[in-house]
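Structural characterization, general
Spelled out, the chains give:
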Amino acid sequence: MRPGEERPVEGGARGGAPDLELLELLKLRAAERIDQAADPLHLGFLCEYDALPGLRHACGHNLIAEVGAAAALGVKGALEDLPGPPPPVKVIVLGTPAEEDGGGKIDLIEAGAFKNLDVVFMAHPSQENAAYLPDVAEHDVTVKYYGRASHAAAYPWEGVNALDAAVLAYNNLSVLRQQIKPTWRVHGIIKNGGVKPNIIPSYSELIYYFRAPSMKELPVLTKKAEDCFRAAALATGCTVEIKGGAHDYYNVLPNKSLWKAYIENGEKLGIEFISEDDAILNGSSGSTDFGNVSFVVPGIHPYFYIGSDALNHTEQYTEAAGSQEAQFYTLRTAKALAMTALDVIFKPELLERIREDFKLKLQEEEFLNRVE
């Protein structure tokens, strides 16, 4: 450059703005940099895989694991096939053990595994296709009665019969059923009732599950049941120990925006869903630790038909869950979940509605200020 000359401005007139073509390129680069800097959307796919003692996969958790893994692979493959750079998304597959006994997802919540997830997906085998079924809240207790042993024939008056306490407690709860709501459930067993008929039992043990449609109602039912246990101890002279389980299972919060998107995608694949009214009227389907997840992060827990009318937790369902026929329905469900996840990724307005539904349900459950 000669002395006295001004340095030219690249891409445009001297001292002016860059030309329009360069300006558009700069805009695109700025947008790309913002996308790269943005926090990625975190989508979780949950894979249960525990079996039932003696019945093996009579609840089809082998298929739950397959659905979660297949759906995640489908989303990953679709994003990788995009002609341009993929959106900032992180697809996470979580193995979630011990749903049947212990609440593995609750342990994972407490360990922070769900902390950064935006939406979670899983699906459960059933006898029909339903985007939502009202899985209910559950609390379990172990009740132990302590009495005093004595010879049942020679001097029974010296004994304090712990089995009598257990039987009274069982009957108390059976009578209580007349005064509880139709949507509440109480069921249990006498696990230990003595050693020999000629010994007054000094120890007995019961295990009970209590279920209610919401976490607001569950403590009310639990209080009534515990009064029945204590009344039995008072009547027999035993002492009683009531111990709750390690974790309560929360009811599953519905997310209408999410399961409506799932229905739209499922119907494209030929899935025939039961109506929302039928899902509610058919009553509860049980309890799951996914309920606890649904209080922490928006999610969907649909049910899917596997080609059999057999009922869960039966030997017939074990056979159905391991059949080749079940594979078609399982993979079709995985496709519907993957398609729904892609809607969440590429439709910001859907994600916003999902988050609003989540907040609304937490408010209804009076949990909004209690969940981090």
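A few points on the structure. Not measured: the values here are computed from a predicted model.

A separate point is the packing of aromatic side chains. On inspection of all chains with the given rule, the structure shows ten aromatic pairs. Ring centres 5.1 Å apart and planes at 15 degrees place the aromatic pair Phe 45 and Phe 121 in the stacked group. One end of the pair, Phe 45, is in strand 1 (residues 41–47); the other, Phe 121, is in strand 3 (residues 119–121), and 76 residues separate them in sequence. Owing to a relative accessible area of 0%, Phe 45 belongs among the buried residues under this scheme. Overall, the relative accessible area of 0% leaves Phe 121 in the buried class. Plain terms: the ring middles of Tyr 250 and Phe 295 are 4.9 Å apart, the flat faces sit at 75 degrees to each other, and that makes the pair edge-to-face. Residue Tyr 250 is found in the loop between strand 8 (239–244) and helix 6 (256–268), and its partner Phe 295 is found in the loop between helix 8 (290–294) and strand 9 (299–300); the two are separated by 45 residues along the sequence.

Glancing now at the pairing of strand 5 (residues 137–146). Summarising burial for strand 5: seven of the ten residues are buried, a large majority. Judged from the ten bridges that link them, strand 5 and strand 7 (residues 203–212) form a sheet pairing that is antiparallel. Pairing of Thr 142 across the sheet is with Ile 207, part of strand 7. Across six bridges, the pairing between strand 5 and strand 8 is antiparallel. In the sheet register, Val 141 faces strand 8, and the bridge partner there is Gly 244.

This part takes up the sheet that holds strand 6 (residues 185–192). The strand order 6-7-5-8 describes an open sheet built from four strands, whose pairing is antiparallel. Looking at the sheet topology across the chains shown, the edges are occupied by strand 6 and strand 8. Put simply, the sheet's adjacent strands are angled 20 degrees from each other on average, direction ignored. Contacting strand 5, strand 6 and strand 7, helix 4 (residues 162–176) crosses the sheet at an angle of about 15 degrees to strand 7.

Right, let's talk about the pattern of salt bridges for a bit. Tallied over the entire structure, the rule returns ten salt bridges. Notably, a salt bridge pairs Asp 289 with Lys 105, separated by 2.7 Å at the nearest N-O pair. Of this pair, Asp 289 sits in the loop between helix 7 (276–281) and helix 8 while Lys 105 is found in helix 3 (residues 104–110), placing the two residues 184 residues apart along the sequence. For the pair formed by Asp 289 and Lys 105, the shared burial category is buried. The partner of Asp 118 in a salt bridge is Arg 355, with the nearest N and O atoms 3.0 Å apart. Residue Asp 118 is located in the loop between helix 3 and strand 3, and its partner Arg 355 is located in helix 11 (residues 348–364); the two are separated by 237 residues in the primary sequence.

Taking strand neighbours across the sheet as the criterion, the four strands line up as 2-1-3-9 in an open arrangement whose pairing is parallel. In this open sheet, the two edge strands, each paired with only one partner strand, are strand 2 (89–95) and strand 9. Relative to strand 9, strand 3 is paired through two bridges, and the arrangement is parallel. The partner of Val 120 across the bridge, within strand 9, is Gly 299.

A separate point is the nonpolar core. Core analysis: the largest hydrophobic core is formed by 50 residues, its most contacted members being Leu 43, Phe 45, Phe 114, Phe 121, Leu 337 and Val 344. The dominant element in this core, judged by the number of residues it contributes, is helix 10 (residues 325–346), at eight residues. What Leu 337 contacts, discounting residues up to four positions off in sequence, is Val 67, Ala 71, Phe 121, Met 122, Ala 123, Tyr 262, Ile 300 and Pro 302.

Rules used throughout
- Residues numbered from 1 in each chain as written.
- Predicted model: local features only at pLDDT ≥ 70, side-chain atom pairs only at ≥ 80, totals over all residues.
- Heavy atoms only, no water.
- Phe/Tyr/Trp six-rings, centres within 6.5 Å; stacked < 30°, edge-to-face > 60°.
- Helix = DSSP H or I, 4+ residues; strand = E, 2+ residues; numbered from the N terminus.
- Buried < 20%, exposed > 50% of the residue type's maximum accessible area, 1.4 Å probe, protein only.
- Pairing = 2+ DSSP bridges.
- Axes fitted to C-alpha atoms, helices over the stretch in contact; angles between N-to-C directions.
- Contact = heavy atoms within 4.5 Å.
- Salt bridge = Lys/Arg side-chain N within 4 Å of Asp/Glu carboxyl O.
- Core = buried A, V, L, I, M, F, W, Y, C linked by side-chain atoms within 4.5 Å.

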